[in-house]
Amino acid sequence: MFEEIRQQYPAAYEAIKTAGERSGFTMASEVLTCSLLKTLAASKPGGKFLELGTGTGLATSWILDGMDKSSTLISIDNDPDILSIAKENIGVDKRLKLICTDGADWIKQNAKQKFSFVFADAWPGKFSLLDEVLGMIEEGGFYIIDDMLPQQNWPEGHANKVTDLLAYLDSREDLTLTKLGWASGVVIITKKQLTINK
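It should be emphasised that the depicted structure is a prediction, and the values quoted were computed from it without experimental measurement.

K.L.:
Describe the side chain of Ser 29, naming the residues involved and giving the relevant values.
P.N.:
Considering the arrangement of structural elements, one finds Ser 29 in the loop between α1 (13–23) and α2 (31–41). Its relative accessible area of 9% is what places Ser 29 among the buried residues. Looking at Ser 29, its side chain comes within polar contact range of the side chain of Asp 121, at 3.3 Å. A distance of 3.2 Å separates the side chain of Ser 29 from the side chain of Asp 146, its partner in a polar contact. Ignoring anything within four residues of it in the chain, the contact list for Ser 29 reads Cys 34, Leu 58, Ala 59, Phe 119, Asp 121 and Asp 146.

K.L.:
Talk me through the layout of surface pockets; I want residue IDs and the actual numbers.
P.N.:
Empty space within the largest pocket amounts to approximately 910 Å³. What lines the largest pocket is a set of 39 residues, and nearest its centre among them are Met 27, Asp 121, Ala 122, Trp 123 and Asp 147. Sorting the residues of the lining of the largest pocket by element identifies β1 (48–52), α3 (58–66) and β2 (72–77) as the ones contributing at least two each. For the lining of the largest pocket, the per-class residue count stands at 16 nonpolar, 14 polar and nine charged.

K.L.:
Can you explain the sheet that holds strand β4 (residues 115–120)? Please cite residues and give values.
P.N.:
In space, the seven strands of this open sheet follow the order β3-β2-β1-β4-β5-β7-β6, with mixed pairing throughout. Both outer strands of the open sheet, β3 (96–100) and β6 (175–180), are each paired with one neighbouring strand and no more. Sheet twist, expressed as the average angle between the axes of neighbouring strands with direction ignored, equals 15 degrees. One ladder, built from four bridges, connects β1 with β4; its direction is parallel. Counterpart to Leu 50 in the pairing with β4 is Val 118. Across the face of the sheet, helix α4 (residues 80–90) comes into contact with β2 and β3 while running at roughly 165 degrees to β3.

K.L.:
Quick rundown of unusual backbone geometry? Include the residues and the values.
P.N.:
Note: most peptide bonds trans; most residues except glycine with negative phi. We note that Asp 147 has phi near 60 degrees; this positive angle belongs to a residue other than glycine. You can see Asp 147 is positioned in the loop between β5 (137–145) and α7 (158–171). A residue is classified by how much of its surface remains accessible, and Asp 147, at 27% relative accessible area, is partly exposed. Notably, Ala 183 is not glycine yet its phi reads approximately 55 degrees, a positive angle.

K.L.:
So, the pairing of β5: which residues are in play, and what are the values?
P.N.:
Sheet analysis places β4 next to β5, joined by five bridges and oriented parallel. Directly across from Phe 117, in β5, lies its bridge partner Phe 142. In this sheet, strand β7 (residues 186–191) lies alongside β5 in antiparallel orientation, the contact comprising four bridges. Bridge assignment links Tyr 143 to a residue of β7, and that residue is Ile 189.

K.L.:
Describe the side chain of Ser 71, listing the residues and the values that go with them.
P.N.:
The residue Ser 71 is located in the loop between α3 and β2 in this model. Reaching out from Ser 71, the side chain makes a polar contact with the backbone nitrogen of Gly 46 at a distance of 3.2 Å. Once you skip the residues sitting within four places of it in the chain, Ser 71 turns out to touch Lys 44, Pro 45, Gly 46, Gly 47, Phe 49 and Arg 95.

Conventions and cut-offs
- Residues numbered from 1 in each chain as written.
- Predicted model: local features only at pLDDT ≥ 70, side-chain atom pairs only at ≥ 80, totals over all residues.
- Heavy atoms only, no water.
- Helix = DSSP H or I, 4+ residues; strand = E, 2+ residues; numbered from the N terminus.
- Buried < 20%, exposed > 50% of the residue type's maximum accessible area, 1.4 Å probe, protein only.
- Polar contact = N/O pair within 3.5 Å; in protein donor to acceptor, adjacent residues only side chain to side chain.
- Contact = heavy atoms within 4.5 Å.
- 1 Å grid on protein atoms, 1.4 Å probe; cavity = no way out; pocket = protein on both sides within 12 Å on 5 of 7 lines; lining within 4 Å.
- Points joined across faces, edges and corners; volume = space filled by probe spheres on them.
- Nonpolar A, V, L, I, M, F, W, Y, C, P; charged D, E, K, R; others polar.
- Pairing = 2+ DSSP bridges.
- Axes fitted to C-alpha atoms, helices over the stretch in contact; angles between N-to-C directions.

In structure tokens, the structure reads:
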């Protein structure tokens, strides 16, 4: 019911959705997840945002909708054809920098950068180079992942990788996390502030 309130969708949503369907792209984030991203983005005024896995830019458009005018978003994907849909529909937004490159290479080259919000929707930064990306999150910042509930397109053995990932995140004492058995399975993580002994 709530997801049917169309006036709350980003202006570019329908165009991106249609172009994505025509291209055969099937890995866009669910609307419920996108709406959550928008709400979380609104909590970080003046924030530095990072999205790993632009896809067609569907989730990107929601993140931008939640950001204020002084925030910036870097979004990375390695597929130029799919990324062109995002460029065509939201590429004019001056807050947004779309980069077509290998995600793992970008992470390694930019590991010293700090972000207030990271949405990891690609293999690098989620199932590989996880520690590097977690190290890029500022204290009090968000790290968000989805597709943690079983999906029909999961290859054999992927469920074990998800279980291991969640167990590792649970074990990190510098993180506070909530797992949502909702939409495709969302995990919201906050980087704890360091305690300084006086």
